[in-house]
Amino acid sequence: MTKRALITGITGQDGSYLAELLLDEGYEVIGMVRRSSTVTFERIAHLQDRIATVPGDLLDQASLIDLLRTHRPTEVYNLAAQSFVQTSFSQPVLTGDVTGLGVTRLLDAIRIVDPDIRFYQASSSEMFGKVVEVPQSEDTPFYPRSPYGVAKQYGHWITVNYRESYDLHASSGILFNHESPRRGLEFVTRKISNTVAKIKLGTASELRLGNLEAERDWGFAGDYVRAMYLMLQQDAPDDYVVATGETHSVRRFCEVAFGHVGLDYEQYVVIDEAFYRPAEVDLLIGTPAKAEKVLGWTPTVAFEDLVTMMVDADIDLLSGRLGPIS
Ligand code: NAP
Ligand code: G4F
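Residues numbered from 1 in each chain as written. Chains lettered and ligands numbered in written order. Predicted model: local features only at pLDDT ≥ 70, side-chain atom pairs only at ≥ 80, totals over all residues. Heavy atoms only, no water.

## Quick notes on unusual backbone geometry
Most peptide bonds take the trans configuration, and most residues that are not glycine carry a negative phi. Residue Pro 135 follows Val 134 across a cis peptide bond; omega there is -5°. One can find Pro 135 in the loop between strand E5 (118–124) and helix H5 (147–166). Within the chain, Arg 72 stands out as a residue other than glycine whose phi angle is a positive 45°. Mapped onto the elements, Arg 72 comes out in the loop between helix H2 (61–71) and strand E4 (75–78). One non-glycine residue, Asp 167, lies in the positive phi region at around 65°. In this fold, Asp 167 is placed in the loop between H5 and strand E6 (170–175). Classification of Asp 167 by relative accessible area gives exposed; the value is 68%. (Helix = DSSP H or I, 4+ residues; strand = E, 2+ residues; numbered from the N terminus. Buried < 20%, exposed > 50% of the residue type's maximum accessible area, 1.4 Å probe, protein only.)

The following block contains the structure:
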């Protein structure tokens, strides 16, 4: 039987890595893209002759039903979202509609068109928010601290609900922060690596950041998409935490990134209140024990290697040594 996967959010960081992985696994890959007046295919440009891109939007139920009917995927990976936490404070309704209710629209389209489709939901460690235990596991209660976290919690529970109500093979991956040279420039890791590269190349002189004390469990995105794939290969659907089990502060990320190019972060980082959030998630650290045991998944890229990989890639990119995707 042809293995055919639909990826929503294929133009994003994770979508591009997942598309590569599924192509390597012999899948036919279909990527849902929303209408835009500019081209957003930078991360998947190198895959264009191997994947099909089809129009659709998580805000539009009919487009989802039509897409499933036309393309008949066997697996659906729902990676699309308004995924930037800071923006969710200024656009809470849009975030709820896309990141929360969008999951229901897609699940309901699957229920109507083909309930045998296997479904992956991109849930988030942001749901743990003001953490009630350390480290966080599949059993840790949620306490989201942003409209994004609240929307993701809704998306998680509606996935569980469709699994229990309609017997869908629907799994939720509770993924901790994962980064790469393809990370959006607004997220703190890429903002740091990109600005460090600019400072090193002489085109920037400072890096303006918010809370340096926040701690995150940062892994490599290429590793995390493998966990998504493995979840849909299991006989039974389930929920999994995907994390490294290590946490580091934003300050430490700066120290390693600047140190890698022989600079002292304290000379360049400027604290700017504009990047503080109305409510913060101070500490995230997950335990990937279940993913390791059931899926056989382990992270392969250590924290320091991730930071230096991102800085090196931005130096290559900005100095014209490489194309945008590496
Ligand atoms: P990303 O780079 O921000 O990509 C988001 C994708 O969603 C883009 O392809 C975007 O399309 C698409 N999208 C946004 N609104 C849409 C809509 N209304 N209809 C259809 N597509 C829409 O995110 P990412 O880092 O790859 O993350 C992938 C998923 O995992 C997201 O759901 C995110 O919330 C979740 N997650 C991420 C992390 C992490 O650390 N990266 C951790 C936990 C969970 P455009 O290109 O057109 O904007
Ligand atoms: O890089 P961030 O914006 O990522 P955040 O908020 O942890 O969210 C990411 O990870 C989630 C998983 O836990 C995903 F679900 C979500 O989609 C996204 O991918 O911020 C990380 C930390 C925060 O504590 C923030 O306050 O860095 C702090 N920070 C300090 N200065 C900053 C900045 N964040 C950003 N974006 N920009 C700053 O200047």
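## What about the pairing of strand E11 (residues 239–242)?
Residues Asp 239 and Val 241 point to one face of E11 and Tyr 240 and Val 242 to the other, with burial holding for every one of them. Summarising the sheet, E6 and E11 pair through four bridges and their orientation is parallel. Of the residues in E11, the one forming a bridge with Leu 175 is Val 242. (Pairing = 2+ DSSP bridges.)

## Here's the deal with the packing of helix H6 (residues 188–201) against helix H8 (residues 250–260)
Contact pair H6 / H8: the axes reach a minimum separation of 10 Å and the direction vectors enclose 30°. Relative to H8, the element H6 is oriented roughly parallel. The chirality of how H6 crosses H8 is right-handed. Contact with H6, carried on its side by Val 188, Thr 189, Ile 192, Val 196 and Ile 199, involves Val 250, Phe 253, Cys 254, Ala 257 and Phe 258 of H8 and no other residues of that element. When the residues that make up the contact of H6 with H8 are grouped by side-chain class, the tally is nine nonpolar, one polar and no charged. (Axes fitted to C-alpha atoms, helices over the stretch in contact; angles between N-to-C directions. Parallel < 35°, antiparallel > 145°, perpendicular 65-115°, else oblique. Left-handed = near helix turned anticlockwise from the far one by under 90°. Contact = heavy atoms within 4.5 Å. Nonpolar A, V, L, I, M, F, W, Y, C, P; charged D, E, K, R; others polar.)

## Describing the sheet that holds strand E3 (residues 51–55)
The pairing of strands in a sheet comes from backbone hydrogen bonds and takes either a parallel or an antiparallel form. Read across the open sheet, the seven strands follow the order E3-E2-E1-E4-E5-E6-E11; overall the sheet is parallel. The open sheet has two edge strands, E3 and E11, and neither has a second partner. Taken over all neighbouring pairs, the strand axes of this sheet differ in orientation by 20° on average, direction set aside. Of the strands in this sheet, strand E1 (4–8), E4, E5 and E6 touch helix H4 (residues 92–113), which is tilted by about 170° from E5. Strands E4, E5, E6 and E11 of the sheet are contacted by helix H7 (residues 221–232), whose axis makes an angle of about 160° with E6.

## Some remarks on the side chain of Asp 108
Along the polypeptide, Asp 108 turns up in helix H4. In this structure, Asp 108 is in contact with Gln 61 and Tyr 162, ignoring residues within four places of it in sequence.

## Regarding the domain arrangement of the chain
Interface size is often expressed as the accessible area that is lost when the parts come together. Split by domain assignment, the chain resolves into domain 1 (4–178 + 218–242) and domain 2 (184–216 + 246–284 + 301–318). The centre of domain 1, based on its C-alpha atoms, is set 27 Å off from the matching centre of domain 2. Each partner contributes residues to the interface: domain 1 has 20 residues there, and domain 2 has 25 residues. Summing both partners gives a buried area of about 1900 Å² for domain 1 against domain 2, and 64% of it is carried by carbon and sulfur. For the interface between domain 1 and domain 2, the tally reads four residue pairs in polar contact (both at pLDDT 80 or more). Secondary-structure elements contributing two or more residues to the side of domain 1 that touches domain 2 are helix H3 (85–90) and strand E10 (219–220). At three residues, H3 tops the list of elements feeding residues into the side of domain 1 that touches domain 2. Grouping the constituent residues of the side of domain 1 that touches domain 2 by class yields nine nonpolar, seven polar and four charged. (Domains from an automatic or database assignment. Buried area = accessible area lost by both parts, 1.4 Å probe. Polar contact = N/O pair within 3.5 Å; in protein donor to acceptor, adjacent residues only side chain to side chain.)

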